[in-house]
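The primary structure of each chain is shown beneath.
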Amino acid sequence: MTLRPVVVTGTGIVSSLGEGPAPHLAALDGHVPPRVDAERFAPWLVHPAVALDWDRQIPKRSDQRQMEAWQRLGVYAAGLALDAAGLRQDGGLKARTHLIVAAGGGERDYAVDGQILTGLRDAADPGAFLNERLMSDLRPTLFLAQLSNLLAGNIAIVHGVTGASRTFMGEEAAGTDALRIAEARIAAGQADIILAGASYNAERPDSLVLFELGGYLWKRPFAPVAERPPRGGGLILGSGAAFLVLEAAEHAASRGAEALARLHPVPSGRTRRGPGDVRASLRRLWSEAGIGRDAAILSGATGVADVTEAELAAIGELAPGARPVLLGDLVGHVLEAVAPLGAALAVAAIREGRAPEMAVTILGHRRGEGVVRVAAAR
Amino acid sequence: MTTTRDRDARGRPLVAVTGLGIVTSLGQGKAANWAGLTAGRSGIHAITRFPTAGLRTRIAGTVDFVAAEPFCAPTLGERLATLAAEEAVEQAAIGRPGDFPGPLFVAVPPVEVDWPQRRALAEAASGGVTYADLLAAAATGRFRDWHDLFSFGTAADRIADRFGTIGSPVSLSTACSSGATAIQLGVEAIRRGEADAVLSIGTDGSVNPESLIRFSLLSALSTQNDPPEGAAKPFSKNRDGFVMGEGAAALVLENAEAARARGARILAFVLGCGEKGDGFHRTRSSPDGAPIVAAIREAIADAGLSPDDIDYVNAHGTGTPENDRMEALGCSAVLGERMRGVPISSNKSMIGHTLTAAGAVEAVISCMTIANGRLPPTINYRVPDPAIPLDVVANEARDASVRFVLSNSFGFGGQNTCLVMAREPRRATTSTSPPGTRGRRRPTSPDSFRPPIRTADSAPMRWTSPTARPSTISPSGWRTRAHTGSSTARASPTTRSPPPCRRSGRRPPCR
């Protein structure tokens, strides 16, 4: 089978730093400190999403109301990517554009949960009480703001991207595999154009609970990712979303769209995380990705102990002297969005001449490894 | 060097099914499910797992005979998936135990902390409970396992571990078409040449109070609780919603050439996949049904077939007013007048809507339908809907030779995924297809509908329950016996005018 080169013709990024490539490139260059909110969920930290004018990408207020923050962030970033790729006005092509989204689930109604948990303690019949309160207190449409595939559904509704959508779930690896499978389908001729990306809202008590259950959160005063593992390790969640318009190079050329960069095939894997597994996996993926000697490196390292140290050590061996930029130091840990956001930022950096190619490493806090290679389009 | 025998008309590798596994409320395994489905038995019953006081819907097709620890949606879903995959991998006799030679695609329901766990976290709180209390409890480190338990990627990770699949396992959701998407992803990987074998699974064990209430609040569920087995009434005029079900299904898919090379028995082929998004509404289909039509058309075209080739439709058939009407419209638009004589039935009438698993469950049942030459019925079909004048295989199973099945899956969020499965791929006219299966065109009148004449070449294999008529187990693990059923189809119970299928006002938003 002849494989077709896959190019990126548009990106959309939203994070705690702002929207679009500029604020993220400034941070990449070390000119902008991270934005951290240490108050709202103290002692837990988050990188909060920048305030956005939703109307610019989600014109209907009724649509905005039917979404929770994770969906609005994703729909906004998807719109930026469509704009950048020149697709905004091309309804016909958007109707043929496929979607691969990496996502978890949506926000809960925290007040309702709290009231129910309070009432359950004294309820004579807890089962009946739970039923009664859920039946009367849950907003019917909240379900649709929680369903994993409804980020894709909202992108279809708001932006008219209706080729077909698939939603991958599974934390960091879902984002890597979204890019992997999008690239592979286009390269093999199974699709011509795919909007791929992810969204994550960190400013959620239920997300903090989930990560705190496993002891994965950094609770001390802010410290850069690499400094955390020796002190017990931990990640700081960040709100963010990123989407990329991926196209067959010939498809982009035929519609006169500029190729911003090339996305190479994305190797990913899964190890049991035994001793030495992470390092061996990263070496293999690095080689499969064909990372060049002059590649700049963007690491999605979380700050969680062991895996972060193993990743940084492996990068040190694979690219001696390289100084990887840690995405977590810029925007926090954006979970499913690590790979898409890293790739989108790499596109911007290559486009602006920061490097001829970039390697983005994604090692999940718990599982899943991947390397994304983005290079200058020829 | 691949022979043209194992390539489709576009030169892509043919995708063979070599292993099937299934668990539903009817039982565990193909034999139990096939016996139940063809007997028209319902697995839907009153919910006993949790109190149903105050609920509008108190029934479901829960799987109550499988244990999971701690009992919650993610562990039950993982357990069901594992059981289905064990059956499929054993039948395929592929790889070695714990060493499956290909990737994993698994459709899993969305995961979140469940109420029993939330309550446990709230136990230490004093006064009004807030998430700060839950966070404080989480920080004690006493509930460390729950991070994995309620992470989205855990079920796939554990299944990958158990079966030794290759690479990063993909967990996915396309809502109620998820199971079909897991198969589609597998088909694509084989067609790309990335893998010679894949394990595709759909699973759902999420009948719990909040899940049920969420669907209930969207008016998606049947509220006809008594009798439970009568509630799911797809295509009937008095249908009033779906019934939640649980289950899992797994398919081992292989590059047909690789399967033959290792001497595997090919059970069926996945010939085509079609999908189309719908941006009309979060829960409702475009009124003109165009996305459903496009997905069906694409699946048939991808299979290298024409609409006239479809012998039988395994319907999405949820039993909601909206879904069944739109599905009938979509099928009729693509298959034309002929659709009135093409049998269509809904497994959900018996097992309920297994949601994330449904597309995979129904694909497995479609393969069994092909192999056995018998169509599972749509039960509870007592009041035909004049707006849906289709042959719904009313109430009783029917023998019919089936070459090409269309299996539909539609979901919230504008998800439409259709699969075409086959006994054999369509051969060129000079091929070695069994007599009676070569480029046939069905007559269009329902009254003249006749199944193809069965020949020795196409004698079906059957699954039977252990208590059914004598059977033998073939070396591949398939139970086989001589075909004894009638080969004459009954006339359609509904032979009225074609469906008007115009949207009539607002309906409960359910698909």
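Residues numbered from 1 in each chain as written. Chains lettered and ligands numbered in written order. Predicted model: local features only at pLDDT ≥ 70, side-chain atom pairs only at ≥ 80, totals over all residues. Heavy atoms only, no water.

**Student:** In this structure, what is going on with the domain arrangement of chain A? I would like to understand it.
**Tutor:** A common way to report how large an interface is uses the accessible area buried once the components associate. Residue and element names in this part refer to chain A. Examined at the domain level, chain A breaks down into domain 1 (6-106 + 147-375) and domain 2 (110-143). If you average the C-alpha positions of domain 1 and of domain 2, the two centres end up 36 Å apart. Taken together, the contacts link six residues of domain 1 with five residues of domain 2. Taking both partners together, domain 1 and domain 2 bury about 450 Å²; carbon and sulfur atoms supply 53% of that area. (Domains from an automatic or database assignment. Contact = heavy atoms within 4.5 Å. Buried area = accessible area lost by both parts, 1.4 Å probe.)

**Student:** Even after reading the chapter, I still don't get the environment of Ala303(B), so can you show me in this structure?
**Tutor:** All names here are of chain B. Structurally, the position occupied by Ala-303 is in the loop between α10 (290-302) and β10 (312-314). C-alpha separation for the pair Ala-303 and Arg-426, spaced 123 residues apart in sequence, amounts to 8.5 Å. Ala-303 has contacts with Leu-271, Gly-272 and Val-420, leaving out every residue within four places of it along the chain. (Helix = DSSP H or I, 4+ residues; strand = E, 2+ residues; numbered from the N terminus.)

**Student:** Please clarify how the packing of aromatic side chains should be interpreted in this entry.
**Tutor:** How two aromatic rings sit relative to each other is set out by the distance from centre to centre and by the angle between their planes. This structure, assessed with the given rule, holds six aromatic pairs over all chains. Ring geometry for Tyr110(A) versus Tyr131(B): centroids 5.0 Å apart, planes at 90°, classification edge-to-face. Placement of the pair is Tyr110(A) in helix α5 (residues 110-122) and Tyr131(B) in helix α4 (residues 131-138), with the two residues belonging to separate chains. Aromatic side chains Phe143(B) and Trp146(B) sit 4.8 Å apart centroid to centroid with 35° between the ring planes, which places their arrangement in the tilted category. Neither Phe143(B) nor Trp146(B) differs from the other in exposure class; each is buried. Through a chain of ring-to-ring contacts, the aromatic side chains of Phe143(A), Phe215(B), Phe242(B) and Phe412(B) assemble into a single cluster. Sitting over the face of the ring of Trp115(B), Arg118(B) holds its NZ or CZ atom 4.5 Å from the ring centroid. (Phe/Tyr/Trp six-rings, centres within 6.5 Å; stacked < 30°, edge-to-face > 60°. Buried < 20%, exposed > 50% of the residue type's maximum accessible area, 1.4 Å probe, protein only. Lys NZ or Arg CZ within 6 Å of the ring centre and 35° of its normal.)

**Student:** Quick question: what am I supposed to make of the interface of chain A and chain B here?
**Tutor:** Every contact between the two is made by 75 residues of chain A and, on the other side, 74 residues of chain B. Both sides together, the interface formed by chain A and chain B hides about 6700 Å², and carbon and sulfur atoms give 61% of it. Area buried by chain A at its contact with chain B is led by Met135(A), Met169(A) and Leu213(A), which between them contribute 12% of it. Where chain A touches chain B, the interface holds twelve salt bridges. The residue Glu275(B) makes a salt bridge to Arg185(A) at a minimum N-O spacing of 3.5 Å. Joining chain A to chain B, the criterion identifies 39 residue pairs in polar contact (both at pLDDT 80 or more). (Salt bridge = Lys/Arg side-chain N within 4 Å of Asp/Glu carboxyl O. Polar contact = N/O pair within 3.5 Å; in protein donor to acceptor, adjacent residues only side chain to side chain.)

**Student:** Looking at this model, I keep getting lost on the nonpolar core. Mind explaining?
**Tutor:** As a rule of thumb, nonpolar side chains are buried together in soluble globular proteins. Counting 114 residues, the largest nonpolar core has Leu199(B), Ile201(B), Phe215(B), Met244(B) and Phe412(B) as the members making the most contacts within it. At nine residues, the largest contribution of residues to this core is made by helix α2 (residues 73-92) of chain B. Grouped together as the second largest cluster of nonpolar side chains are 99 residues, Ala348(A), Met358(A), Ile362(A) and Ala107(B) included. (Core = buried A, V, L, I, M, F, W, Y, C linked by side-chain atoms within 4.5 Å.)

**Student:** Teacher, can you tell me more about the environment of Arg121(A) here?
**Tutor:** Within the element layout of this structure, Arg121(A) appears in helix α5. Ignoring anything within four residues of it in the chain, the contact list for Arg121(A) reads Ala122(B), Ala125(B), Ser126(B), Gly127(B), Gly128(B) and Val129(B).

**Student:** I keep staring at unusual backbone geometry and nothing clicks. Help me out?
**Tutor:** Between Ala42(A) and the following residue, Pro43(A), the backbone shows a cis peptide bond with an omega angle of 5°. Within the secondary structure, Pro43(A) is located in the loop between β3 (37-41) and β4 (44-47). In this structure, Pro227(B) follows Asp226(B) across a cis peptide bond, with omega equal to -5°. In the Ramachandran plot, Asp306(A) falls in the positive-phi region, its phi being about 75° despite a non-glycine side chain. Position of Asp306(A) relative to the elements: it lies in the loop between β12 (296-299) and α13 (307-318).

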